[in-house]
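Per-entry structural report
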Amino acid sequence: MGICPVCNWTNCAVPDCTIPSSYWGKTFINTTLELESAIQQYQRAEAKLGGAVTTISKKVDTINQHIDKVLENAPTKLKVSVNVNDADWQKIQELFAKERQWMTAQMQMHIREVNSMFADERKKVRERYKEYDGCYLGHYAQWFFWFFFTIGFFVIVGCIGMMIAQCYNR
């Protein structure tokens, strides 16, 4: 089966149309030659592409090396000079001095505020410890406790004494 040279159809149904065997041989040989030619063209293109990729990668590596060298030498080779006239330089110095003075004043004010906060807290803590007097009850609560403790103590001692007295009076 193939393409009929008479009608150009595959699987031709025309009874008079016959494809000679020599046609098949020529077709096979031509197809094989065309395929080999295409493979060779592909291999040449592949070789050219491989060479181009290699060349580009070498150039990229060279560029990266140059960039690395420039970056290594940049801090030492980069020098900047600025010319400022005396009046402008004086203004810059005055502004810098004012800014420094303002910043120092702000810091001192903040430090004073923090110190006063610490002093107030120390006073509060001192008053709390005076009030507690080493105990966790307040000053008045301590007196209240000791008052009823002594009354309770004497009542219990009195009861025990009365019980002992009753035992001896029998």
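Details of the overall build of the protein chain
- When helices and strands are tallied, the protein chain shows three helices and zero strands.
- The order of α-helices and β-strands along the protein chain, N terminus first, is α-α-α.
- When each of the 170 residues of the protein chain is scored for burial, the buried share is 2%.
- Carbon and sulfur atoms make up 64% of the accessible area of the protein chain, which totals about 16200 Å².

Observations concerning the packing of aromatic side chains
- Under the counting rule described, the total for this entry stands at six aromatic pairs.
- With a centroid separation of 5.4 Å and 70° between ring planes, the pair formed by phenylalanine 145 and tryptophan 146 is classed as edge-to-face.
- A residue is classified by how much of its surface remains accessible, and phenylalanine 145, at 44% relative accessible area, is partly exposed.
- On the accessibility criterion, tryptophan 146 (47% relative accessible area) is partly exposed.
- Measuring from centroid to centroid gives 5.1 Å for phenylalanine 147 and phenylalanine 148, while their planes differ by 80°, and the two rings are edge-to-face.
- Overall, the relative accessible area of 44% leaves phenylalanine 148 in the partly exposed class.
- Through a chain of ring-to-ring contacts, three or more aromatic side chains come together here, namely Phe144, Phe147 and Phe148.

What about a nonpolar patch on the surface?
- A cluster of nonpolar side chains, Phe145, Trp146, Phe149, Phe153, Phe154 and Val157, forms an exposed patch at the surface whose accessible area comes to about 660 Å².
- Tracing the chain through its elements places phenylalanine 153 in helix H3 (residues 139-169).
- Taking the relative accessible area as the measure of exposure, phenylalanine 153 reaches 46% and is therefore partly exposed.

Side note on the confidence of the model for the protein chain
- On average, residues of the protein chain score 79 in pLDDT, and 74% of them reach the 70 mark or higher.
- Per-element confidence in the protein chain ranges from a low mean pLDDT of 79 for helix H1 (residues 21-77) to a high of 89 for H3.

Basis of the calculations
Residues numbered from 1 in each chain as written. Predicted model: local features only at pLDDT ≥ 70, side-chain atom pairs only at ≥ 80, totals over all residues. Heavy atoms only, no water. Helix = DSSP H or I, 4+ residues; strand = E, 2+ residues; numbered from the N terminus. Buried < 20%, exposed > 50% of the residue type's maximum accessible area, 1.4 Å probe, protein only. Areas by Shrake-Rupley, 256 points an atom, 1.4 Å probe, with all protein chains shown as cover. Phe/Tyr/Trp six-rings, centres within 6.5 Å; stacked < 30°, edge-to-face > 60°. Patch = residues over 30% accessible without salt bridge, like charges linked within 9 Å, V, L, I, M, F, W, Y side chains within 5 Å. Salt bridge = Lys/Arg side-chain N within 4 Å of Asp/Glu carboxyl O. pLDDT = per-residue confidence, 0-100.

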